[in-house]
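Here's the letter readout for the chains.
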Amino acid sequence: MYSVTLEQGDYDSAKQAILKAINLNPQVPDLWNKYIGLTLERLNGAPSEIEGLYKEALLKTKNNPDILVQYGQFLEKQGKIKEAIIQWQEALKQQPNNTDYQKEVKRLQAIKN
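Residues numbered from 1 in each chain as written. Predicted model: local features only at pLDDT ≥ 70, side-chain atom pairs only at ≥ 80, totals over all residues. Heavy atoms only, no water.

What follows deals with the layout of surface pockets. The rolling of a water-molecule-sized probe over the atoms marks out the regions of remaining empty space. Space inside the largest pocket adds up to approximately 170 Å³. Residue lining of the largest pocket: Asn33, Ile36, Gly37, Leu40, Glu41, Tyr54, Gln70, Gln73, Phe74 and Lys77, and that is the complete set. Put simply, the parts of the chain that give the lining of the largest pocket at least two residues each are helix 3 (29-41) and helix 5 (65-77). When the residues that make up the lining of the largest pocket are grouped by side-chain class, the tally is 4 nonpolar, 4 polar and 2 charged. (1 Å grid on protein atoms, 1.4 Å probe; cavity = no way out; pocket = protein on both sides within 12 Å on 5 of 7 lines; lining within 4 Å. Points joined across faces, edges and corners; volume = space filled by probe spheres on them. Helix = DSSP H or I, 4+ residues; strand = E, 2+ residues; numbered from the N terminus. Nonpolar A, V, L, I, M, F, W, Y, C, P; charged D, E, K, R; others polar.)

Okay, structure coming up:
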């Protein structure tokens, strides 16, 4: 239902469909990614609203690395480099051998300094 309503441009119905799915499966990161993306890109969510959604998603998904990374990317775009580094470092703790995460932490630390 979400995909159909999204393709039709019915963003309010898409939002309701994805929220229903989240209520049934709050631990699924992909559902949160879709909801946050919809809110950010189609519903013009304010940065504070998006941050709140990321925080809720992290709580419900038990700090899923994909959510951490996307939140870190969002924070960087908001100019919040220090906060972005924290998210990437948390993802790196969960996947210490992930070279992409390692590179991103170093890149952001270079920007911060």
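Next comes the rest of the description.
This next bit is on unusual backbone geometry. You will see that Lys62, though not glycine, has its phi angle at about 55 degrees, which is positive. Here Lys62 shows up in the loop between helix 4 (47-60) and helix 5. Notably, Asn63 is not glycine yet its phi reads approximately 60 degrees, a positive angle. Looking at the element boundaries, Asn63 is found in the loop between helix 4 and helix 5.

For helix 2 (residues 11-24), which comprises 14 residues, the first-to-last C-alpha distance of 20 Å matches the rise-based estimate of 20 Å (1.5 Å per residue) to within 8%. Restricting attention to buried positions, one finds in helix 2 the residues Ala14, Ala17, Ile18 and Ile22. Buried residues in helix 2, looked at end-on, bunch into an arc of 140 degrees, giving them a common side. Turned more than 90 degrees away from the buried face of helix 2, the exposed residues are Asp12, Gln16, Lys20, Asn23 and Leu24. (Expected span 1.5 Å × (residues − 1). Buried < 20%, exposed > 50% of the residue type's maximum accessible area, 1.4 Å probe, protein only. Arc of directions from axis to C-beta.)

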